[in-house]
Amino acid sequence: MTILARDTATHRTGRLLRRHPALAPAAIGGFAFLLSVAFSWVPSVWFDEAATVSATQRGWPELWRMLTHVDAVHGLYYVLMHLWFDLVGYSPVTLRLPSALAVGAAAALVVVLVRRFASTRVAVISGAVFALLPRITWAGTEGRSYAATAALAVALTLVFVSAWRRGSAPIAARIAWWAAYGLLAVLASTTFLYLVFVVAAHGFTAVWTRLAAGRPAQRSLIGWAVSAGASALVVAPLASAASRQSAQVDWIAPIDAGTFHAVFVTQWFLGSPLLAVLGWALILVSCFSLWRHRRGGGIGAESARPGPTAASVFLPWLIVPTVGLLLASVTVSPLYSPRYLTFSAPAAAVLISIAISTLRRRRLVAAVLVLSAALAAPQYLHQRTPEAKQNSSWSEVAGFIASQRSPDADVPQAVIYGPVRQHKAATTRVIAYSYPEAFSGLIDVKLKTPAAESGQLWETRYPLDQVTDRFTGVNTVWLVTSDKQDWRPSVTAKLADLGYSLADEHAFTGVNVLRFER
């Protein structure tokens, strides 16, 4: 292609994007969705996703009762997923599909947001980089709220910027926009409480902009303060409930030497240290570029528009939530987990993209994007392997039991659920919650109170010695147990007293499955 032909094609593309402004967000959103949803059904369900299944596969009164005891921080997400499963039914595919859709929505909104500060070119690069980040390709396959938090954070920032730029509009319009911001802040925070840190980041942006712009920014600063304060009052009861339930995150390690790796690699570049080096180098270049052009130019025509600059929006969004959560972990109790900061990934993607956009040659831009994709590819492929999630082999266990158990529903078979690795509060019944068809009809001989009736995520259980009468008429017993807290010797001995002998045994990653007959 000649230079003239390239220029003509570029001109046509630019004219098409100007004529159809929704085209770029739709294209990037579709790309992000397809990238996330591809082979998302391959990895086995794991413990965190089983919590979503357990919470949502119960009646509404039982769900409300559970939220008063545990997981209030995820309350609205559970409500939305309950409605979703009521509509489409549960399966590992439907469990993860909303997250892939949320990634697509987030990527599209990133394009819309960045166009408030820069050209469509920068916006498209930002959406593409966001979609490629390993933390995002992971979140798109996760039956939890993390992908939704990213979409909500972008939407909240978009409304914040829009409201701010209406500082000179009639008072009714200003009130409407800041009311919308407050309502969205409540929605975001009740979906995942840690999104209050995004509102806090907007506070830093508000003060930054007021100091830079002077009195013309005063109205918008007051608008943010009133909206944020009102939303804080609404969310306060949820925050109080979550603090009373803090025992549920006692698995989080305190801040230590490993936190550095968690923040700079795992948080957004999950499992991709070379990509993290490239990403942080580009973020530093972006910071320098924003500082150098802080009085004009830089990335598009942002200096001609009232309101926050790109630097004042994206830098606090990148830094404040992480620093805030780390400080809370040091001063209150351990609360920091890298995946909790998924909602700051859009800011990282935008800052990376600003640096890429400073490259004048399109071939260099394309080369950096291709290099980024290549560095992210190994982690992307790993995320779509059967045991990608905490080495979970649950789908293999469920498939094995489904293929080996008697197909005759009139022949009673029992199951004993033992410990599950790394999660002392639950048992391997989490596998049955995740793959119910494989275990349908099996008698859970140790079951005391079903999870839906317990007011907790998980069921309560009797000691095996107290339920020997439940083996009457049962000739086949399955034992599903962890390979760490190994119940095999003790259960084998107790079942031998009841006339059972070991007929078969199979080892899966983290789980042993035994079949006893009499």
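It should be noted that the structure appears before, not after, this text.
Chemist: Any chance you could break down the overall build of the chain for me, citing the residues and the numbers?
Modeler: The helix and strand inventory of the chain stands at 22 helices and nine strands. Taken over C-alpha atoms, the radius of gyration comes to 26 Å for the chain, in line with the 24 Å a tight globule of 518 residues would show. Contacts in the chain between residues at least 24 apart in sequence constitute 77% of all its contacts with a sequence separation of at least 6. Of the roughly 23,000 Å² of accessible surface on the chain, 65% is carried by carbon and sulfur atoms.

Chemist: With reference to specific residues and values, describe the packing of aromatic side chains.
Modeler: This structure, assessed with the given rule, holds 27 aromatic pairs. Residues tyrosine 194 and tyrosine 340 carry aromatic rings whose centres are separated by 5.2 Å and whose planes lie at 80° to one another, so their mutual orientation is edge-to-face. Separated by 146 residues along the polypeptide, tyrosine 194 in the loop between helix H10 (171-191) and helix H11 (196-213) and tyrosine 340 in the loop between helix H15 (310-331) and helix H16 (345-357) bring together distant segments of the chain. The class for tyrosine 340 is buried, based on a relative accessible area of 7%. Both rings, one in phenylalanine 400 and one in tryptophan 478, keep their centres 6.4 Å apart while their planes meet at 90°; by these two values the pair is edge-to-face. One end of the pair, phenylalanine 400, is in helix H18 (residues 394-404); the other, tryptophan 478, is in strand E7 (residues 476-482), and 78 residues separate them in sequence. Through successive ring pairs, a cluster of aromatic residues spans Trp138, Tyr146, Phe192, Tyr194, Phe197, Trp251 and Tyr340. If you follow arginine 135 out to its NZ or CZ, it ends over the ring of tryptophan 138, 4.7 Å from the centre. The cationic tip of arginine 165 hangs over the ring face of phenylalanine 117; the distance from NZ or CZ to the ring centre is 5.1 Å.

Chemist: So what about the pairing of strand E8 (residues 501-508)? Which residues, and what values?
Modeler: Two strands pair when backbone bridges link them, and E8 and strand E9 (residues 511-517) are joined in this way by seven bridges, in the antiparallel orientation. Across the sheet, the residue bridging to phenylalanine 508 is valine 511, located in E9. As consecutive antiparallel partners, E8 and E9 are separated by two residues, and within that stretch glycine 510 has a phi angle of approximately 80°, a positive value.

Chemist: Give me the lowdown on the side chain of serine 392, citing residues and values where you can.
Modeler: Locating serine 392 in the fold gives a position in the loop between helix H17 (362-382) and H18. A polar atom in the side chain of serine 392 sits 2.7 Å from the backbone oxygen of valine 45. For serine 392, the residues in contact, after removing those within four places along its chain, are Ser44, Val45, Trp46, Pro386 and Glu387.

Chemist: Go over helix H7 (residues 120-132) with me, naming the residues and quoting the values.
Modeler: If you check H7, its first and last C-alpha atoms are 18 Å apart, about what 13 residues at 1.5 Å a residue would give, namely 18 Å. Those residues of H7 not exposed but buried are Val122, Ala123, Ile125, Ser126, Gly127, Ala128, Val129, Phe130 and Ala131. Of the surrounding elements, those touching the buried residues of H7 are helix H2 (23-37), helix H6 (92-114), helix H8 (134-139), helix H9 (146-164), H16 and H17.

Chemist: Talk me through the pattern of salt bridges; I want residue IDs and the actual numbers.
Modeler: Within this structure, the stated rule accounts for eleven salt bridges. Between aspartate 48 and arginine 339 there is a salt bridge whose closest N-O contact spans 3.1 Å. With aspartate 48 in helix H3 (residues 47-56) and arginine 339 in the loop between H15 and H16, the pair connects residues that are 291 residues apart, well separated along the chain. Aspartate 48 gets classed as buried once you look at its relative accessible area, which sits at 12%. One salt bridge connects arginine 421 with aspartate 483, and the closest N-O pair in it is separated by 3.6 Å. Taken as a pair, arginine 421 in the loop between strand E2 (419-420) and strand E3 (423-427) and aspartate 483 in the loop between E7 and helix H22 (488-497) lie far apart in primary sequence, 62 residues in all. For arginine 421, a relative accessible area of 31% gives the class partly exposed. Judged by its relative accessible area of 30%, aspartate 483 is partly exposed. Ionic contacts of the salt-bridge type, sharing partners, join the residues Arg429, Asp444, Glu459 and Arg461 into one network.

Chemist: Requested: an account of empty space enclosed by the protein, with residues and values cited.
Modeler: The tally for this structure, following the rule as stated, stands at one cavity of 30 Å³ or more. Of the volumes computed, that of the largest cavity is approximately 100 Å³. Lining the largest cavity are Val129, Leu132, Leu133, Phe269, Leu275, Leu278, Gly279, Leu282, Ile352, Leu369, Ser372 and Ala376. Of all the elements in the fold, those that place two or more residues in the lining of the largest cavity are H7, helix H14 (273-292) and H17. Here the element with the most residues in the lining of the largest cavity is H14; it accounts for four residues. Its residues placed into classes, the lining of the largest cavity shows ten nonpolar, two polar and no charged.

Chemist: Residue-level account of the packing of helix H13 (residues 259-269) against H15, with values.
Modeler: Where H13 meets H15, the axes come as close as 13 Å, and the angle between the chain directions of the two elements is 140°. In this view, H13 runs oblique relative to H15, as classed from their interaxial angle. Where H13 crosses over H15, the two elements pack in a sense that is right-handed. Between H13 and H15, the contacting residues are Thr259, Val263, Gln267 and Trp268 on the first element and Leu318, Thr322 and Leu326 on the second.

Chemist: Please give an account of unusual backbone geometry that cites residues and values.
Modeler: In the Ramachandran plot, aspartate 71 falls in the positive-phi region, its phi being about 60° despite a non-glycine side chain. Positionally, aspartate 71 belongs in the loop between helix H4 (60-67) and helix H5 (75-88). Although it is not a glycine, glutamine 390 sits at a positive phi angle of roughly 50°. Relative to the assigned elements, glutamine 390 resides in the loop between H17 and H18.

Chemist: Before we move on, could you go through the nonpolar core and cite the residues and values that matter?
Modeler: Across soluble globular proteins, nonpolar side chains show a tendency to be buried alongside one another. Ranked by size, the top nonpolar core spans 106 residues in total, and within it Phe130, Tyr194, Phe314, Tyr340 and Phe343 carry the most contacts. Ranked by residue count, the leading element in this core is H9, at 15 residues. Phenylalanine 314 has contacts with Leu113, Val114, Phe117, Ala347, Val350 and Leu351, leaving out every residue within four places of it along the chain. Counting 42 residues, the second largest nonpolar core, distinct from the first, contains Trp46, Ala55, Val420 and Phe508.

Criteria and cut-off values
- Residues numbered from 1 in each chain as written.
- Predicted model: local features only at pLDDT ≥ 70, side-chain atom pairs only at ≥ 80, totals over all residues.
- Heavy atoms only, no water.
- Helix = DSSP H or I, 4+ residues; strand = E, 2+ residues; numbered from the N terminus.
- Rg over C-alpha atoms; globule rule 2.2 N^0.38 Å.
- Contact = heavy atoms within 4.5 Å.
- Areas by Shrake-Rupley, 256 points an atom, 1.4 Å probe, with all protein chains shown as cover.
- Phe/Tyr/Trp six-rings, centres within 6.5 Å; stacked < 30°, edge-to-face > 60°.
- Buried < 20%, exposed > 50% of the residue type's maximum accessible area, 1.4 Å probe, protein only.
- Lys NZ or Arg CZ within 6 Å of the ring centre and 35° of its normal.
- Pairing = 2+ DSSP bridges.
- Polar contact = N/O pair within 3.5 Å; in protein donor to acceptor, adjacent residues only side chain to side chain.
- Expected span 1.5 Å × (residues − 1).
- Salt bridge = Lys/Arg side-chain N within 4 Å of Asp/Glu carboxyl O.
- 1 Å grid on protein atoms, 1.4 Å probe; cavity = no way out; pocket = protein on both sides within 12 Å on 5 of 7 lines; lining within 4 Å.
- Points joined across faces, edges and corners; volume = space filled by probe spheres on them.
- Nonpolar A, V, L, I, M, F, W, Y, C, P; charged D, E, K, R; others polar.
- Axes fitted to C-alpha atoms, helices over the stretch in contact; angles between N-to-C directions.
- Parallel < 35°, antiparallel > 145°, perpendicular 65-115°, else oblique.
- Left-handed = near helix turned anticlockwise from the far one by under 90°.
- Core = buried A, V, L, I, M, F, W, Y, C linked by side-chain atoms within 4.5 Å.

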